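This is what each chain is made of:
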Amino acid sequence: MRSIGETARDSGLGVSALRFYDRAGVLVPARVDPVSGYRWYAPEQLDEARLLARLRRAGMPLADIRLVLAGWSGADADLVRQLLRAHLRRLEQGLSDARTEFSALRALLDDRENPMAPPRTAAPVRLTVSAPGLAAALDAVRFAAGTDPELPVLGGVLFDVEGDALSLVATDRYRMAVARTAATGYGGPRVQVTVPLPLVDAMRALLDDGGRVRLAVDGDRVTLEAGDRQTGGRCLGQDFPDYRRLVRLPAGRRVLVEVPAFREAVLAGPVRTGEVRADGASRDLSVLRVTDDGPPVLAGEGDDDRDLVAVNRAFLLDALTAGGRDRLVLEIGDPTAPLAIRRPDDEDAFSLLMPVRLEN
């Protein structure tokens, strides 16, 4: 007999997924210990678990999976073949529909383009900011910047100049970080430029001496001067997403956490394995359960509360570090809503972590 942990490891299904499929009657273990409730699987059930993992990765509905598993070992495989063909047709039709919609979206984008668009900035923009303030803002958002070569515009930090404030924003789609610092010397219209990460890091290296620094945007170039030192380069050409739309979220429950203790709880607490991708890689998840009083607790494999919020564990640890405080506010809403991590003394600095769907 194989334990549930061994079956999960060798099949590509998580332990929580195996529990879910047991409760759903899809893959029932050969034996359940009457005292401990521990599940044991027969050797031949490993092949069924691997088949189930493949069908789930292909997006087959659970109702069809039941029939495929029921008919897989039978002498007549006609029903299984019919189910596979029907699901493939659904996928192909879905892909065809998606291509049609994307073609329409590209046409809309083409209609919006103006080949005679004015330069990014009509006149040079110059402003002065505090070196420690800019350093703190960069430290608060740098971790969330993207590295996907297919999305180069996310491989930078947005510098958003408006009024007497400079807002910095970074996102890789799965997390977002926003910070703000005061700025002086500019009173013109709003200006946005996306600074590539190598230039962001070069700027950060100039900000350790304190005092004030000068930031200038001239066309597609941005320059930072700190005393007699200077760095600069070209901005990224694509427009950054409208982050203000992305951060408008329904209010959730706010809980103050002691960061050192909560970090230790995350590091030492239970970890769930996310869905295994086609390349065999998986991600570790921290699953949070909100309590009636006190900080959220790390939920274990047997916790099936419907209000559990799962996030990438490494991303959560990064966000706690970037928060830069011994106390932070966790704002937890619906399990499908982003987890917000805020500073109690600064509403303009926060990060968002996209939730991860649990298999069950």
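For clarity, every value in this text was computed on a predicted model and none was experimentally measured.

K.L.:
Before we go on, may I ask you to explain the overall build of the protein in this structure?
P.N.:
Along the backbone of the protein there are ten helices and 19 strands. If one aligns the C-alpha atoms of the protein with their principal axes, the spans along those axes are about 80 × 50 × 35 Å. In the protein, buried positions account for 42% of the 360 residues. Considering only intrachain contacts with a sequence separation of at least 6, the fraction spanning at least 24 residues in the protein is 64%. Computed over 48 positive and 53 negative side-chain charges, the inter-centroid distance for the protein is 1 Å.

K.L.:
I keep staring at the UniProt feature "domain: HTH merR-type" (unreviewed entry) in the protein and nothing clicks. Help me out?
P.N.:
Within this structure's numbering, the places UniProt gives as "domain: HTH merR-type" (unreviewed entry) are residues 1–71. Between the C-alpha atoms that bound residues 1–71 the distance is 23 Å, and the span itself is 56% helix and 10% strand.

K.L.:
How should helix α3 (residues 45–57) be read in this particular structure?
P.N.:
In an α-helix, one turn spans 3.6 residues, which is why side chains three or four residues apart end up on the same side. Spanning 13 residues, α3 covers 18 Å between terminal C-alpha atoms, matching the ideal 18 Å at 1.5 Å per step. Of all the positions in α3, only Gln45, Leu46, Ala49, Leu51, Leu52, Ala53 and Leu55 are classed as buried. Gly59 occupies a position one or two residues after α3 and carries a positive phi of about 80°.

K.L.:
Can you walk me through the environment of Val125 in this structure?
P.N.:
On the secondary structure map, Val125 appears in strand β4 (residues 125–130). Spatially, the C-alpha atom of Val125 lies 9.3 Å from that of Val161, the residues being 36 residues apart in sequence. Setting aside residues no more than four positions away along its own chain, Val125 makes contact with Tyr186, Val191, Leu215, Ala216 and Val217.

K.L.:
Would you mind showing me how to read the side chain of Gln45 here?
P.N.:
Within the fold, Gln45 resides in helix α3. The class for Gln45 is buried, based on a relative accessible area of 9%. Dropping the residues within four chain positions of it, Gln45 is found in contact with Leu27, Val28, Pro29, Ala30 and Trp40.

K.L.:
Any chance you could explain a nonpolar patch on the surface here in plain terms?
P.N.:
The grouping of Phe102, Leu105 and Leu108 at the surface amounts to a nonpolar patch, some 320 Å² of accessible area in total. Tracing the chain through its elements places Leu108 in helix α5 (residues 78–112). Owing to a relative accessible area of 54%, Leu108 belongs among the exposed residues under this scheme.

K.L.:
Looking at this structure, I do not really get the confidence of the model for the protein. What am I missing?
P.N.:
Fine structural detail should not be taken from predicted coordinates in areas where pLDDT scores are low. On average, residues of the protein carry a pLDDT of 86, and 92% of them reach 70 or more. Per-residue pLDDT stays below 50 along residues 115–119; that stretch engages in zero contacts with residues further than four places along the chain or on separate chains.

K.L.:
Sorry if this is basic, but what is going on with the sheet that holds strand β1 (residues 2–3) here?
P.N.:
Either a parallel or an antiparallel arrangement is found when strands of a sheet pair, and the pairing is made through backbone hydrogen bonds. Strands sit in the order β1-β3-β2 across an open sheet of three strands; the sheet is antiparallel. Two strands lie at the open edges of the sheet, namely β1 and β2 (31–32), each paired on one side alone.

K.L.:
When you look at the packing of aromatic side chains in this model, what are you seeing that I'm missing?
P.N.:
In this description, a pair of aromatic rings is defined by centroid distance and the angle of the planes. A full pass over the atoms with the stated rule returns two aromatic pairs. With 5.3 Å between their ring centres and 55° between their planes, Phe20 and Tyr21 make a pair best called tilted. Positioned above the aromatic ring of Phe315, the side-chain terminus of Arg175 is 3.8 Å from the ring centre.

So, how was this worked out
- Residues numbered from 1 in each chain as written.
- Predicted model: local features only at pLDDT ≥ 70, side-chain atom pairs only at ≥ 80, totals over all residues.
- Heavy atoms only, no water.
- Helix = DSSP H or I, 4+ residues; strand = E, 2+ residues; numbered from the N terminus.
- Buried < 20%, exposed > 50% of the residue type's maximum accessible area, 1.4 Å probe, protein only.
- Contact = heavy atoms within 4.5 Å.
- Lys, Arg positive; Asp, Glu negative; His and termini not counted.
- Charge placed at Lys NZ, Arg CZ, Asp CG, Glu CD.
- UniProt positions renumbered as here; feature names shortened; annotations may be inferred.
- Expected span 1.5 Å × (residues − 1).
- Patch = residues over 30% accessible without salt bridge, like charges linked within 9 Å, V, L, I, M, F, W, Y side chains within 5 Å.
- Areas by Shrake-Rupley, 256 points an atom, 1.4 Å probe, with all protein chains shown as cover.
- Salt bridge = Lys/Arg side-chain N within 4 Å of Asp/Glu carboxyl O.
- pLDDT = per-residue confidence, 0-100.
- Pairing = 2+ DSSP bridges.
- Phe/Tyr/Trp six-rings, centres within 6.5 Å; stacked < 30°, edge-to-face > 60°.
- Lys NZ or Arg CZ within 6 Å of the ring centre and 35° of its normal.

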